[in-house]
Structure formats: C-alpha cells, structure tokens
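# Working through the structure, step by step
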Amino acid sequence: MADKLDQSPEVWTESQVSTWLKSIGVKEQYIEKLYEEEVNGQILLTLNEEFLKAKICMKSGPAHLIIQKRDELIESKQREGKQEKKKPNSGKKTELKLKSVQCVPTASEGPPAQTHDSVEDASKDRQTSTSKEDCRPRPFDQEGIDLIYVKHRVLQPESGAFDLISPCHEFKSLAKASTLDRTRLQAKFANEVLKFATGCMNIRSNGTIHFGVMDSKEDAGYVHGEIIGVPVKEKDIFVDALDYIEKKNVCSDKEHVRQCVRPPRFIEVMDRESTEKRYVVEVDIVPSISIVKSKVYAVCLPNFKEAANKVEFEKEAILRRLGSKTEPVSDKDLSDFYQRVKDRDAQREEAEKMKFLSAPENCQDLGRKLTMLMTSGKKFIEKDKWFILITNKFPPDDLRNIDWLLNVNIFCVFDFDPDSEVSGLCNRYLQHHAANMHSLQSYRIPGDMDIKDFTNQLQLFEQTSWIFCNGRTDYKGNETLCDEMTWIKTKMTFLRESVSLICKQILPKGTFQVIFLVTSPVEKPLLHTFNEFFTDMEGHEDIICICPSQDNFQKWQSFAEGSCGTETVNNSSVVGMKMSHINATLQHVQPFKSCAKHLPVFVKGTCLLETHEEEQMYSLEILTVDHCDETSEDFINEEKENIEQLFYRGGRVTWLNFWLAEHNHVGEVIERDAYQEVSKLLHDPFKRNTDEPPVVSINIYHHPGSGGSTVARQVLWNNRKDLRCAVVKPSYSASLVAQHAVELREYEEKDPQKCLTVLLLIEDSDKEYLDDLRNELEVAVNTKRIQYGTPCFILLSCRRSYNPEKKCKESPLQNVSVTHKLSDQERRKFSGKREALEERYEPEFILTFVLMSEGFSEKYVQEFVEHLLQGIDRKSVVTRLILYVALLNTYVQNSFISQSHCEALLALTIHMERFHQHEFEKSLSPQAQLVFLHLRDEKTQIKSIRIIHPLVAKEILQQLLGEQTQSSLAMKLVCENVLLEHRFGRDEYLSFLRALFIRRSRISKGDKYDSLFSPLIDHVREKEKSPAKAIELLTEAFERFHENPFFAQQLARLHYTYEKFEEAKNWAETAAKKQPDNSYILDTKGQVYRKWFQAKCKAIDNDNVPKTAQNTADAMGTALKALECFQESEKAAEADMENVNHSGFFSEVEVGCSLLKLISSSDVFAHRANGHSECMKYLVTDYIPEEVKDAWEPFHGPLKKLHKTMQDALEWISEDLSYFQTDIGADEEDNPVSPEEKISQPLAWLAKKSSEYGKYFSEAHSNALQGQSIPANLTPFQKRMIIYHLGGGNVTSILSKLTDQRDAVCFLENILSLYPNNPLKANLGQRDIVNFIMAHISMNCLSPDTQKVTPLKNLQALCRQFPSDKRKCLPSALFLLTLLFWPEDHDMDMERETKYEIVQSAVEHLEKDYWIKMKDIPQRKRRIYTHFFLGSANGLDKFVHKKKIESVTKGFSVSEKRMKWFSGEAWKKPEIAMMLKRVSGWTKDGLVYLDDAKKKNFKILPLHVPSVPHSNENITFYLGFTYRGPVAYDIIVNK
C-alpha cells in the first residue's frame, strides 16, 4: 500500500482517505465522489450521515458503515496512544526527564519524526484523563438503595479519616484476582477487607472499600478512582469470604468485627459499549461506639501462598488508617496508640451525637419547580407543544392521578412496562384517547420512503404512538420481555434508531419536551433511553424527570449526573412529589380544562362525544356544540388580544376567534355577503319538499387571501348546533374520509334513517378529490340503504380561483364567490370595524385587515410596500430571507418556509428553549417583523413563516429586487445549501421549491391561465426575455434535486420550444434513462423528435428547393424516430395500471399524417402523372421506386408498415372513445406528468384525422366525393381507404355523423355504396362488418324513411359471421350483438330466449374487456358512455341515439344540463316518455335484474347507484346500450 495509514487520521490526504475507504469495502463510485469533493482526514473526522446521503447521494447502508468505521478508527487510535504512554509512565520521573532530554535534536540532525506526535499525544492523554466524568459514591450504609455506576466515570480520590462519620475510601481494582479460582479470590478479598476494616475500627472512622475501582498507582493507564468493575460469577464467593473473620486466630473480638463489617454490596457497572455484566463490590465499615469502645483490634491477614498451595496467615498486626493508606502501628508507637484509645472513643461518641442533631434540609418549592419545567417558564403549558413520555411500571394508586397526562399532546410513549396495555398506563390512557400500538422496530424507516409518508403510515401526528420497548403481554406477535443484557444486545439498536429518527428528522428542537416519568425501580434500558435522548437532543434543555420516589431516583441520578452534572440533574428533576400532587398542580397550568364535548342529535338534544371515539375519526376535525368551552379563563385573559391581532394581521381564522367574539371577549367577526349566500344555499334543500340527492355540493370560489376560508369556517361555526360539522383534514384518502363521515353521522344515533346532515368543509382540494368523496359517500348511503329526503351530507368546498365571479355565473345554484372587491354594505362594515380596531392596535398590527378594508387596491398596496421598505438594509441576510419568502409566496400557493430553516439561514443558535421565539423574532429586521406572519402547522405544530398576503409578497418582490432579476434571485435560492440541506420540514420545502420550477398553471386548479411551463420560468422567458436564463435555472435545479427526471423533462420541453433540438434530445434521453417506464416522459421524448421533424419540414419549404429523396431523408428519419418513441410511450401507458395517458396514440397519428404529406409531396411522386398510385404502390406493396432506393434505404421497412400502424392507432382511439365519455376534463391533468399536447375535442379530431389518413391512401377519393360511380376495379384496401376518407373507417367516426349532421346522410350513402351489394357472400372482415352495420344504424337514426338501409334481419344474419369464440370478437362486435339481438315485443318465446342467450354471452365478454380497459382507475374518472337507448319502436327504429335524448335539455348551460340529468329531473319530461320504452325488472339486495329473461337471470348495471331501492322491489327503467353492456336509467318502483 503506497499510502501509509499509520499516522493520525487527522493528517491524512485525500488519497489516504480513498485507500482507507477501499479497505473497509466502500463502492468505487462513492470513493471517487468523496475524492472529487476533496475529503481529507480532517474533513473525514467531521462527516455525518446526513452529509453523505444529501451531498454524495449515498444510500443509508454505506453512509452508516463509513461513520461507524470512522468512529472505531478514532477509538482504536486513542487506545494505541494510551498503551504507548503506559510504558514511560511505569518508570520513574527521572527516566521521563532523561527521555525528554534525548528527544532534543542536535544542530546537525533533522528533527526526529515522532517528536511532535509524542508531545501532541501526551497533551491528548491529559485531555482524556481530565475529561472523564465524575461520579458520586453510593450513599453510605443505607439499605434499599437502587444505584448504578457507569464505566469509566471517576469516584472522588481515596481518603483518610475526616470527621469519623464521613467514610474514608479505599480502591482496589481486583483485576487479576477476579480471574482466580474461588480459594485464591476469597483469600485476596478477605485480606483487603480485614486490613481496611480493622484499620478503620482502630481509628473509629466509617469507611468503604471499593473493589473494581482503579488505583492509578497500581493500575497504570487508568485514572485514579476510575470505575471499571469486576466480573462476578457468583456473589456468594464474596459474601462467604468474610467467614475468615470467624476463623481461629484471625481477629481479636471476632463478634465485634462481624458487627462492624457490613455484608458486600454489589453495584452494577453500566457499559455502553459492552453487554458483559460487571459490578463494583463495596464493603462498608461502621465502628459504632457502642461496639468498639475501649477496644484495639489485632488481625492475622490471610494470604494464599503459591509455594505451599494453601492459605496461610500473616503475623498478627494492629492496623490503623493513616491518610489514604492502611498501615500497621509500629512497635514504638504502640503504647501511645493504646493511651489515645479514650480520646478516639470520645471523638467518635461526639461525632455520632452530632449526626443525629443535624438540621433537616430546607424544603424545596416542588410545585413551582414542576410548573416552571412543564411550561418552559410561561404561564401555561403550550397547547401546541408535543410531549414524549418515557415511563416504566405504574403503581395502581398513581394510575388514578393521570388527568394532567390526558390533556397534553402526547406524541409518543416509550413504555418499559410489558403489562401496560393490560393493567398499566396504556390501559388507562386508552379509556380516554385512541393510540396506536408500536414496537421499537416500527420506527425503522424503509430506505425508499420519505419522512412525510412514514409519519402518515404510522399516523404519528394523529394518534399517540405507544411504543412497547420491552415486551408486550397479551400480544401474539413476537414481542417478548427480555432481561437487561439481552435487551441491550437485541433492542438497543432499534431504540437508538427510533430516538434519532424522532429527534433528528420528525420533530425539530423546541417543538417537543421529553418527560421521564419514573414510577418504579430503574433498569438499564431506561438509562440507555435517557442517554440516547440526551445525545440526539444535544443537551438536557427539553428533558425533565418526574420521580415520585426518592429511592427510585437514586439510580437515575447517579447515571444522569455523569452526562449533565449534578446541578443540571437537580434543576431538571422533580423528586419526592406524590402523583396526586403532581396531577393537581399541572391541571392548574393547562390552557384547557377537562370538559365534556357534545354533538347535536336528530331529536334536537345533544349527545356526549367521547374523546377516544373522536380520535378514531382522525381524518376529520369535528366541531362540537361546546367547541372551545374548555378554554380556561386565565388563558383567555392572557391570550385574547394576541389571538385577535394574529387574525387581523393575516393569520388563518381559528375556532377561538369565533368563540371569543360569540362570548363578547372581543368584537364580532364580520359576516361577508358571501356568508349569507352560502347560508341560503345550505338551508334551501331542507325547505324544499322534493327529494334531494343524498350528497349536495356547495362551492366557495375565492381570490387568494380574500377571506374565503373565513366565510366557510363561519358557516360551520354558526351551524354546529343544528348540523354535525367537520373540516376534512388534508392528505387522507376520500374512502377514509367517507368512512369517518358516515361514522360521525351515525354516532350515538339509534336509527341510520334518522340522523342529522353532516356538513363537511373541504379546503384547497381539486375537483377530482371532491368527485371521489361524493362518490364514496353515495356508495355508503346506498349500501346502508338510507332513504333520503333531505341530504345526508353537504360538501362545502372552498377553492381559490382568479375568476370567482365567472365560476359563480356558471352555476349560480352551487357556487358562491368571494373577491377582494367589497360591496357597499361590506365597505361600511369594514370601515366601522377598522375604526374600532385602530383604537386598540397600531395599523401595522392589523395589516391585512387594513389592506382588506381598502379592497386591496393596487395603489394602496404599492404605497404601503414603498413606505415599508424605506431604510431597509438591502444587503442583510434578513432581507435575503424576505426576498426568498416573497418569491415562493408569489409563485407557489400556500407556500412557507419553516422557522428552523430561517434560523439555519440566519445562523442562529438559540440555547434556551423558553426564549426561543423571542430570540428568533428579535433577529429579524423591523420590516421582516411587519410582513412575516408566524404560522404553526395544525398537525405537526412545526412553526413556519410566510408574508402576510400574496399581493404584498408580489409587490415586495417587485420593489425590493430593484435592478436585480427574479431569475438571479431564484438562482440564489436554489443554490442556498443551508436551506436545501436543512433536515426539518425538508419535504415541504423541497416540494415548494420543486413547484416553483416545474408546476404549470392550470385554470382548473384556480390559476389565472394554462401555462406551458411554471409561471416563474414563463416570467424569465417572456418578461425577462431570457430563455438562456430559464435553461440555466432549470439545469441548476436538476442538479440540486439529485438529477430528478421531471426537471430533465422540463428542460427537454424548454429546449425544443426554442428549437435547440440536439440539447432537447439529450435531456429527454436523460429523463427516459431515469424513468424508462414513464409514458409521459417517453411522450416528451417523442415530442422532441416531432418538433424537430416539423422544423426540418419547415426549413425545406422555406428554402424553396425541390423535395428530393436526398434532402427529405433526414426529416423522414426524425419522423420515424418520433413514431418509435410514441409507440414506446403507448406500451408504457398500457402497462401503467394507475394512469391514463392516450397522448402517444394521438401523436403517432399526427406525425404519421405529416409524414404522409411529406412523402406524397416529394418530387418523386408529386410531379408525375401517376404519382399518387406510385406512392401508394411504394407504401403498400414491396415495390421500391429507383429514385428512393438508396436515399431512403433505412426507412423502407417502417414506411411500408405505416398504413398498418396508423390504422391500429386510429382503431385504438376509436375503441377507447366508444367506451368512455368523450369530454376530457382539464382537472384530470396533474403536474408534472401530463401529456404535451392534449386533444380537447377528440371526437372531432378523430373524424378529421381518419379522413386525412384515408385521403392519403385512397386513389379515387375525388370521384367518390363528387358522387360519381366508383371504379369497379378497386381493391378492398382501396375501398376501405375511401371509406376512411369519407368518415366511415371506425365506429367513433361513423357515430360522430349523428352529432355533426351536415351532409351526414350523403356521406353515409356514399360509404355504404362502397360495400358489396351482397355483404353476406362477400366474406368481409370483422372490422368491415362492424363499420357496415354501424353505418346502417346511423343512417337509420338520421333518415328513418330511407330505402337504402338494410333491414334488421339481414344485419343480424351478417352478425353471425363474427367469430363463434367470443374471446376473438372485437368489443364493437360484441356491442352490436347486444344491440341487434335485443328482443322485440312480437318475438315468440323461443326466439326471445335464443336472442337473450346471444345478448348475455356478448355482455359476459364485454364485461371482461371493460375491466381490462379500466385498469385500476376509479370508475368515476372514466365513466362508461351510453351510445343508444331502447326506444318504443321496432326494428332499427328502436335504437335512439344519445344526441336525440340530450336535445331535451337544449338551451341550458353545461352545468345546469348536468344537474338536470344528475338529479333525474330531465327523465321526467314527456318527450322522453314518448321516445323511450320502459322495461320491467326487479331488485334484489341492491342489484337490478331484467324481468323478461326467463332462462337465466339478466343483471343490468344501474348507472346511478343511489337510485336503486334498498328493499327488494318490482321496478321499471329505461335501458341504455354501452360497451360494458346494457345499463339502467331512471329506476322507478312500481306503485
């Protein structure tokens, strides 16, 4: 190895670090990345896992390995250093001096290589020796003390007699002796104890001898008093060793010695690095005056003599304690020693008296201490603060006093009581709250999951997480109780991971407090938990210990003091306070008192809402009749002004705002005009006598920041006593919300038929989610068979929009608008309120209200911002922060930056949590203090900031930037590493940043316009006129987001927009490499080539040169590459079971048509008499014209398949449109995965493109169009192409003639004339038969009296040519079978049954095909389309096309039409009854059956599920025909 790694890692070079990384098995790619980042030894020592994952893009595994091996390396180097130093230390001081003299170099020599290191190591050794933590000894001679020592902590030095009562101490390592056999060990132990004991007894001093504690004189390399412990296999070895006292001739006065020498105590030594059990063995010596008075004790010490291989006794000696040693009394001092016995007795007697007379300790004010610790020095426990509880077994008495615990936000509980759920704290808690049971392993986050998903999965912010840390009784999973050592071996790692995850990734510092609630004897795992929290929270600031028992506290204290010192432990612990007193004290400082919650009930009373039941409906924020009544009077008096002021500054309205106004603590909240409108819409359904649908929707559309949310919440607040009201929390599925909404409706009600309506507020959600929720609720109502007259659920949706009035106009019976503009009445209300507020607050403290009362006039906002920015320090970091927030707030709806991100940017280190908010606000400039609004996430309680209003943000951005551009600011923001790498609230921050760069505007999402790129990128492109800057910005963002493929996709689009096709291709390929199965990205790749092809065609046209085979070849290759990409996109889209992306098929046809245009217009074919037939011959047969043979050589194969691939794509589109409704809602499009060019009118598009396709491939199209006779010598292919050109090539094109009826009859006649006179004998293909029959049916719909329509019987006969194996039938063929073989009134029974068999067999296969087509997409998203209805006539006349039915609601707006059909009103019109035939049937268990089919039950799909009666009834209904089979409309129960 070229690079030597012997030296200290601190001085390693980059290549030495690489060598070391190789040696521990790190992958080459990571080693290279670290080398490129110039990681040397010094940097290696400072690395952490976060850096490796974020910067080097390392997976968790290798990152963890590097840090672990690095730490091991440091430890091993330190140990080597210690061992090196042991050698010189064992010599005498003179030797050390000599050695240091030898180190001084002579003038002629170079400096010795190791000199510097030796000096450095020596200083390091001094540091390690002084940095070891001190430790208090076990309280002397006390029974029942539960204590623990921590390895390597240091006891006070050995001591002599002081006041005779304070014990003198002696340390013995017993390191060698502990490895000996029983006899030798006992002899050694007895020798040391008896020697120390008689020494203490003779001078009348208490003493303790400690075994397993180092005496540095004997134990070189260790600190004096360092706790190491000894392994104890059997405790009785040590206990029995003291039996030497009784042995003959060992002691004078054996009985006295036995009385003064206490039995050995075994104090466990905790070692964080090892699982071996070690103890310090201590023996206390208590020479009470009543025993030792007038005595002097002699002893013969036992010693094991190796030579004799037995224990022998030394010569009798009288020993005494001199200083810190025990020594024999010499012969010359003996008489003096005896003479002074009386003096020593008197001193001992006096000392014993003094001990009992000492004054009691001053009593601490534990109540105040507890209050201060729990409130962080404030008046109340913060209602938004999370608490983490660590606890062990609860005594039954204490369980009766935990009301205070039930009223705080408990994030999680680390519970070391395995019986907790059966009989402990968990059991008691579950009687009042919901909680999720977890184990430590539950907190192992999968590598591919982000924190947000993980917290949602464990429901961490919704319900308390109860973590069983050591076994769980009554649980059948593998959760068993372990002893301490097994726990350390098996569960310690899981504990470490879970604590680290919570403290470092889920909850930021300052948002939570950790309480160790120690109610029974402490065991090691609890101590390890303290150590993990102390380490990960970087200190004790937010950790408190509550311990009712002084005895239980001892062990805790002895351990904790080593980490944070005696004073800190005492200051942050409440010890000796009864649980009942704790309970009473803390209830006084809770902002909410315990108070029952109630809901209104159907019979006009109320019922009790149990908290744990409420928490089970966690996707809803339920509004109760007595909401906020639990707020304490003190809290109201203290906080009411702050609450009101925050609202009028621009904060979101809270329930407390309404409550305070209702109880006259503050002025009323203004009711906007929209409030009255919503209230009217809300109560109208209850006044009408007609049957209302079970789920009613009301939409509030509002300008951003105009108070729409306040109106919506005001409606809920004022209806909470009459309806059951709740706010739907974001990020829960519609199915879960529906489940909880149904539970809320039926809670404590006897009869599901008689329940109050539930009013649900849904904020900022898209139409798709609302449709899902409505659908889920309708299904639930239907499943539960609820007979509804009034609505069961009202969905109040509150959505932002840049044009609320337009939305309101579209559907006045459903939509209400809230704008910045005030009506005259509102202006009067606002003006009066403003005067009242300005008497109490300065204008800047009610800023948003002031702006609102001015109607957010542009001029006022401009002047306000101008005034605000006077004197601002434009270079300060706070100003930079204002700009960043303004940029995000301007472009990203509801964006914010977390407070901890801001602190990181401002480089704040706030040490004391109780001053945290104050310190942060003090660090802001006056301007920032005015415009920043402090928010707190309702779910996580994480604090964040935004600018008081989006219009203010926009104006600040404009004025504060001055000469700077928004692109340069955005570049600074995306390069701001401090913000990017900050771990708390990271997911939200990155999602806002991502939206800033790639979220496109959508009118359907409430934006001003539909954009091609994100509004910021559009601004840079158009306003700054700098496409290069836009590209640079997105490229930087791509890098910063770890080469995210969606950024690469946007870059491809941006490049091809500016015709930079080579770069666009590279970016598209980059995106496709990263997401090879994403149909949207593959579509973008196709679009690159498509645009490139278009540009090449344009260039050829602009050059005005002849289109030769040579100069068109390049464009042709590009077009074929585009087709290849679109085909890949199609395959990916078909395989994707969760999304629908048709764009590949549409684009393939578009490019195919353009390519055909290029080929047919090339000189090879365009300027020849028979050019068109030559072209067709080339494209359809093996023929290759000489002119193109070489130039187009690579393309012959694909070009000859072109007619087939295009026809397949057209057929696919036609079939898909036959299945599903054809209006594509813009709402279904979401960023960033959306097709490039969406076809808004696919029916018209398909008809046009099919015709265009047919035109290129049909030679005699002009004759057919002019109605001339068609040449007889046309091939079937040529005829088919003419049919395509005339609009008869596929089912959808044919049926579109019924919608667009201009010249439709003429076209259809021409189409039919192209088919053989006797199709039965013509051997037509399946697709041709389908098109032929569909043309006849369409013709009959348009012109029922025409003679040119083949009779129904002949069409039925033609259908018999479809494959007998129905699996081989096209869906259109199966559809025709259901249509044509539907029985007629005059059919005989036999014929009827035969027809039903054919129809039912076809329906069975249609159903299968339907589910393949549907994938896993909700039915609501892809509604089946009904083509025809069963009419009252016979033959072909019985098929009534949908267009004819819809003419009934002509003249109404789109939304009104929908409402009329949806509510069923349109079906009641007499015109419908004239046109359609009602068929009879019956229902059973919610399913609809046709009455007429006798042989086999014929199930009919009801299209509007709620219309199916709940009981089993006889019914009639209208019948529709779809590609899924027949469907039932307007179901009516027979009276």
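For the structure, check the block above.
What comes next concerns the included structure. (Residues numbered from 1 in each chain as written. Predicted model: local features only at pLDDT ≥ 70, side-chain atom pairs only at ≥ 80, totals over all residues. Heavy atoms only, no water.)

## Considerations on the overall build of the chain
If you tally the helices and strands in the chain, you get 67 helices and 35 strands. With respect to the principal axes defined by its C-alpha atoms, the chain has extents near 150 × 90 × 80 Å. Taken over 1535 residues, the chain has a buried fraction of 54%. If you take every contact in the chain between residues at least 6 apart in sequence, the share linking residues at least 24 apart comes to 72%. (Helix = DSSP H or I, 4+ residues; strand = E, 2+ residues; numbered from the N terminus. Buried < 20%, exposed > 50% of the residue type's maximum accessible area, 1.4 Å probe, protein only. Contact = heavy atoms within 4.5 Å.)

## Regarding the side chain of T391
For T391, the position within the fold is in strand 11 (residues 386-391). Apart from residues no more than four positions distant in its own chain, T391 is found in contact with V413, F414, D415, F416, L425, L517, T519 and L526.

## Some points on the packing of helix 36 (residues 877-891) against helix 40 (residues 950-961)
It is the contact of helix 36 with helix 40, at a shortest axis distance of 8 Å, that shows an interaxial angle of 130°. When the interaxial angle is binned, helix 36 and helix 40 end up oblique. The handedness of the crossing between helix 36 and helix 40 comes out as left-handed. Every residue of helix 40 that contacts helix 36 at T879, I882, L883, A886, L887, N889, T890 and Y891 is listed here: P950, A953, K954, I956, L957, L960 and L961. Here the contact of helix 36 with helix 40 is composed, by residue class, of 11 nonpolar, three polar and one charged. (Axes fitted to C-alpha atoms, helices over the stretch in contact; angles between N-to-C directions. Parallel < 35°, antiparallel > 145°, perpendicular 65-115°, else oblique. Left-handed = near helix turned anticlockwise from the far one by under 90°. Nonpolar A, V, L, I, M, F, W, Y, C, P; charged D, E, K, R; others polar.)

## Description of the sheet that holds strand 17 (residues 573-575)
Read across the open sheet, the seven strands follow the order 13-14-12-11-15-16-17; overall the sheet is parallel. Each edge of the open sheet carries a strand with a single partner, namely strand 13 (435-439) and strand 17. Taken over all neighbouring pairs, the strand axes of this sheet differ in orientation by 20° on average, direction set aside. As paired strands, strand 13 and strand 14 (residues 464-468) are joined by five bridges and run parallel to one another. Residue pairing for strand 14: N436 is matched across the bridge by S465. Packed on one face of the sheet, helix 23 (residues 550-571) meets strand 15 (512-517), strand 16 (543-547) and strand 17 and runs near 150° to strand 17. (Pairing = 2+ DSSP bridges.)

## Observations concerning the sheet that holds strand 27 (residues 932-936)
Reading across the sheet, the three strands line up as 26-28-27 and stay open at both edges, with antiparallel pairing between neighbours. Unpaired on one side and paired on the other, strand 26 (897-898) and strand 27 mark the two borders of the sheet. In this structure, strand 27 lies alongside strand 28 (residues 943-947), joined through five bridges in antiparallel fashion. If you follow F932 over to strand 28, its bridge partner there is I947. Packed on one face of the sheet, helix 36 meets strand 26, strand 27 and strand 28 and runs near 80° to strand 28.

## Thoughts on a positive patch on the surface
There is a patch of like positive charges on the surface, built from K954, K1008, K1023 and K1025. Checked against the element boundaries, K1023 lands in helix 44 (residues 1015-1023). For K1023, a relative accessible area of 66% translates into the label exposed. (Patch = residues over 30% accessible without salt bridge, like charges linked within 9 Å, V, L, I, M, F, W, Y side chains within 5 Å. Areas by Shrake-Rupley, 256 points an atom, 1.4 Å probe, with all protein chains shown as cover. Salt bridge = Lys/Arg side-chain N within 4 Å of Asp/Glu carboxyl O. Lys, Arg positive; Asp, Glu negative; His and termini not counted. Charge placed at Lys NZ, Arg CZ, Asp CG, Glu CD.)

## Things to note about the side chain of S18
Among the secondary structure elements, S18 is positioned in helix 1 (residues 14-23). For S18, a relative accessible area of 11% puts it in the buried group. S18 has contacts with I31 and Y35, leaving out every residue within four places of it along the chain.

## Considerations on unusual backbone geometry
A positive phi angle, near 60°, is found at N664, a position not held by glycine. For N664, the position within the fold is in the loop between helix 27 (655-662) and helix 28 (673-687). N664 gets classed as exposed once you look at its relative accessible area, which sits at 68%. Positive phi, normally seen in glycine, also occurs at E1059, with a value near 55°. For E1059, the location among the structural elements is in the loop between helix 46 (1045-1057) and helix 47 (1061-1074).

## Some points on the packing of aromatic side chains
With the rule as written, the count across this model stands at 50 aromatic pairs. Each ring, one from W386 and one from F411, has its centre 5.6 Å from the other, and the planes form 75°; the classification is edge-to-face. Placement of the pair is W386 in strand 11 and F411 in strand 12 (residues 409-415), with a sequence separation of 25 residues. In this structure F411 comes out as buried when scored by relative accessible area, which is 0%. Pairwise contacts between aromatic rings join Y1219, F1220, F1375, Y1410, W1411 and Y1523 into one cluster. (Phe/Tyr/Trp six-rings, centres within 6.5 Å; stacked < 30°, edge-to-face > 60°.)

## Some details on the nonpolar core
In terms of nonpolar packing, the biggest core is built from 181 residues, with L796, F932, I956, F997, L1155, W1192 and L1199 touching the most fellow members. A total of 11 residues in this core trace back to one element, the largest contributor, which is helix 49 (residues 1109-1135). With sequence-adjacent residues up to four places away left out, L1155 is seen in contact with F1093, M1116, A1119, L1120, L1123, L1199 and L1202. Counting 67 residues, the second largest nonpolar core, distinct from the first, contains F1332, M1334, L1355 and F1375. (Core = buried A, V, L, I, M, F, W, Y, C linked by side-chain atoms within 4.5 Å.)

## Focus: helix 23
In this model, helix 23 (22 residues) spans only 15 Å end to end at C-alpha, well below the 32 Å of a helix rising 1.5 Å per residue. Residue C564 marks the point of greatest curvature in helix 23, where the axis turns by about 115°. Measuring from the side-chain oxygen of the N-cap residue of helix 23 to the backbone nitrogen of D551 gives 3.2 Å; that N-cap residue is S549. (Expected span 1.5 Å × (residues − 1). Bend = angle between axes of the 7 residues up to and from the residue. Polar contact = N/O pair within 3.5 Å; in protein donor to acceptor, adjacent residues only side chain to side chain.)

## A closer look at the environment of L1123
Within the secondary structure, L1123 sits in helix 49. By relative accessible area, which is 5% here, L1123 ends up buried. For the pair L1123 and Q1087, spaced 36 residues apart in sequence, the C-alpha separation works out to 9.6 Å. Filtering out sequence-adjacent residues up to four positions away, L1123 remains in contact with E1148, V1151, G1152, L1155 and L1202.

## A word on the pattern of salt bridges
What the rule picks out here adds up to 77 salt bridges. Between R262 and D141 there is a salt bridge, with its nearest N and O atoms 2.8 Å apart. In this pair, R262 is assigned in the loop between helix 10 (254-260) and strand 4 (265-270) and D141 in the loop between helix 7 (115-131) and strand 1 (148-150), connecting sequence segments 121 residues apart. Residue classification places R262 among the partly exposed residues on the basis of a relative accessible area of 22%. With its nearest N and O atoms 3.4 Å apart, the salt bridge here joins K1121 to E1124.

## Description of the pairing of strand 18 (residues 597-600)
Examined bridge by bridge, strand 18 and strand 19 (residues 606-609) share four bridges and lie antiparallel to one another. From the neighbouring strand, L599 faces strand 19, where its bridge partner is C607. Linking strand 18 to strand 19, which pair antiparallel, is a turn of five residues; within it K604 sits at a positive phi near 80°.

## What to know about the packing of helix 26 (residues 633-649) against helix 27
One way to put it is that helix 26 packs onto helix 27 with a least axis distance of 10 Å and a crossing angle of 115°. Of the two elements, helix 26 crosses helix 27, and the hand of that crossing is left-handed. Every residue of helix 27 that contacts helix 26 at F635, I636, K640, I643, E644 and F647 is listed here: L656, N657, W659 and L660. Here the contact of helix 26 with helix 27 is built from residues that sort into seven nonpolar, one polar and two charged.

## A look at the state of the cysteines
In total, this model carries zero disulfides according to the counting rule given. C1097 supplies the cysteine sulfur nearest to C1125, a cysteine that is in no disulfide, at a spacing of 16 Å. Its relative accessible area of 2% is what places C1125 among the buried residues. (Disulfide = S-S within 2.5 Å.)

## Considering a negative patch on the surface
Negative charge collects at one region of the surface, where E28, E32, E36, E37 and E38 lie side by side. Tracing the chain through its elements places E37 in the loop between helix 2 (28-36) and helix 3 (41-44).

## Side note on the environment of P1319
Structurally, P1319 can be placed in the loop between helix 60 (1304-1313) and helix 61 (1326-1342). Classification of P1319 by relative accessible area gives buried; the value is 12%. Spatially, the C-alpha atom of P1319 lies 8.4 Å from that of I1329, the residues being 10 residues apart in sequence. Beyond its immediate sequence surroundings of up to four residues, P1319 is in contact with L1324, F1332, L1358 and Q1361.

## Brief notes about the pairing of strand 3 (residues 207-211)
The buried count for strand 3 comes to five of five residues, which makes it a mostly enclosed element. The side-chain alternation of strand 3 yields two buried faces, one formed by G207, I209 and F211 and the other by T208 and H210. The handedness of the strand 2 (residues 168-172) to strand 3 crossover, carried by helix 8 (residues 182-203), is right-handed. Judged from the five bridges that link them, strand 3 and strand 5 (residues 278-285) form a sheet pairing that is antiparallel. In the strand pairing of strand 5, H210 is matched with E282. (Right-handed = clockwise from strand over helix to strand, strands pointing away.)

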